[in-house]
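# Descriptive structure summary
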Amino acid sequence: QLACHSIAASKTETVILGNLGLACLNSGDLRKAFSNLSKCMSLSIALGDTEGASVSALLLGHLCTAAGDHSQAIAYYEKSWKLAKRGEASDTSKVYLGIARGNAAFEMHAQRIGQSIMMASSAPDF
């Protein structure tokens, strides 16, 4: 009975951590959002709650996207997709994964164009 109570308390803790993480994400406090959502994801995985872990990973992907870290966003969206397995959560994760990959490719392309412009403007005039 104690073990069941402990599991129920842990599941309640994941809900609280997830809600706190989402509130922090929505208010722009990315540090606290990351901390709460990471703890939520880890605890959800430990409890075998793949749906909760998938949602946490999805939100961590959103956080990384907001912070401009596209490679880390891709990693979290991939994790969310793998945890979701099927259904609407899986479809949502795949959509955001595609967007994050597109953002990363766009950023790399923009950096290359910027480097080309810098090199062209620094070339000596003969």
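Here the residue numbering is sequential within each chain, running from 1 through the sequence in written order. Two thresholds apply to this predicted model, a pLDDT of at least 70 for residue-level local features and 80 or more for giving and counting side-chain atom pairs, whereas whole-chain, interface and lining totals are computed over all residues. To obtain the side-chain values, all non-hydrogen atoms of the structure were used and water was disregarded.

Under the 1.5 Å per step criterion, the end-to-end length of helix H4 (residues 70-84) is 21 Å for 15 residues, consistent within 8% with the ideal 21 Å. Relative accessibility thresholds used throughout: buried, under 20% of the residue-type maximum; exposed, over 50%; partly exposed, between the two (1.4 Å probe, protein chains only). Each helix corresponds to a stretch of at least 4 residues labelled H or I by DSSP, and each strand to a stretch of at least 2 residues labelled E; elements are numbered beginning at the N terminus. The complete set of buried residues in H4 reads His70, Ala73, Ile74, Tyr76, Tyr77, Ser80, Leu83 and Ala84. Phi turns positive one or two residues past the end of H4, at lysine 85, with a value near 70°. Here a helix's expected span is defined as the number of its residues, less one, multiplied by 1.5 Å.

As a further point, take helix H3 (residues 50-66). The end-to-end C-alpha separation of H3 is 24 Å, in line with the 24 Å expected for 17 residues at 1.5 Å each. Turning to H3, its buried residues are Gly52, Ala53, Ser54, Ser56, Ala57, Leu58, Leu59, Leu60, Gly61, Leu63 and Cys64. Of the residues trailing H3, glycine 68 is marked for its positive phi of about 85°.

In this analysis, axes come from line fits to C-alpha atoms, helices being fitted only over the stretch in contact, and the angle between any two N-to-C directions falls in the range 0 to 180 degrees. Between H3 and H4, the shortest axis-to-axis distance is 8 Å and the interhelical angle comes to 160°. Of the possible angle classes, the one that applies to H3 and H4 is roughly antiparallel. H3 and H4 meet at a crossing whose hand is left-handed. Here Thr50, Ala53, Ser54, Ala57, Leu58, Leu60, Gly61, His62, Cys64 and Thr65 of H3 come into contact with H4, specifically with Gln72, Ala73, Tyr76, Tyr77, Lys79, Ser80, Leu83 and Ala84. A breakdown of the residues in the contact of H3 with H4 according to their chemical character gives 10 nonpolar, seven polar and one charged. Roughly parallel means an angle under 35 degrees; roughly antiparallel, over 145; roughly perpendicular, 65 to 115; everything else is oblique. With the far helix as reference, a near helix turned anticlockwise by less than a right angle produces a left-handed crossing, and one turned clockwise produces a right-handed crossing. Residues count as neighbours in contact if any of their non-hydrogen atoms are within 4.5 Å of one another. Residue type decides the class: Asp, Glu, Lys and Arg count as charged, Ala, Val, Leu, Ile, Met, Phe, Trp, Tyr, Cys and Pro as nonpolar, and the leftover types, Gly among them, as polar.

Moving on, we come to the packing of helix H2 (residues 30-47) against H3. Close contact between H2 and H3 brings their axes to 8 Å; oriented N to C, the two are set at 155°. In this view, H2 runs roughly antiparallel relative to H3, as classed from their interaxial angle. Once H2 is placed against H3, the crossing between them reads as left-handed. From H2, Leu30, Ala33, Phe34, Leu37, Ser38, Cys40, Met41, Ser44 and Ile45 reach across to H3, where they touch Gly52, Ala53, Ser56, Ala57, Leu59, Leu60 and Leu63. For the contact of H2 with H3, the class distribution of residues is 12 nonpolar, four polar and no charged.

On to the confidence of the model for the chain. A residue's pLDDT is simply how confident the predictor is in it, with values from 0 to 100. Within the chain, residue pLDDT values average 82, and 79% of them lie at 70 or more. In the model of the chain, helix H5 (residues 88-121) stands out as the element of lowest mean pLDDT, 71, in contrast to H2, which has the highest, 95.

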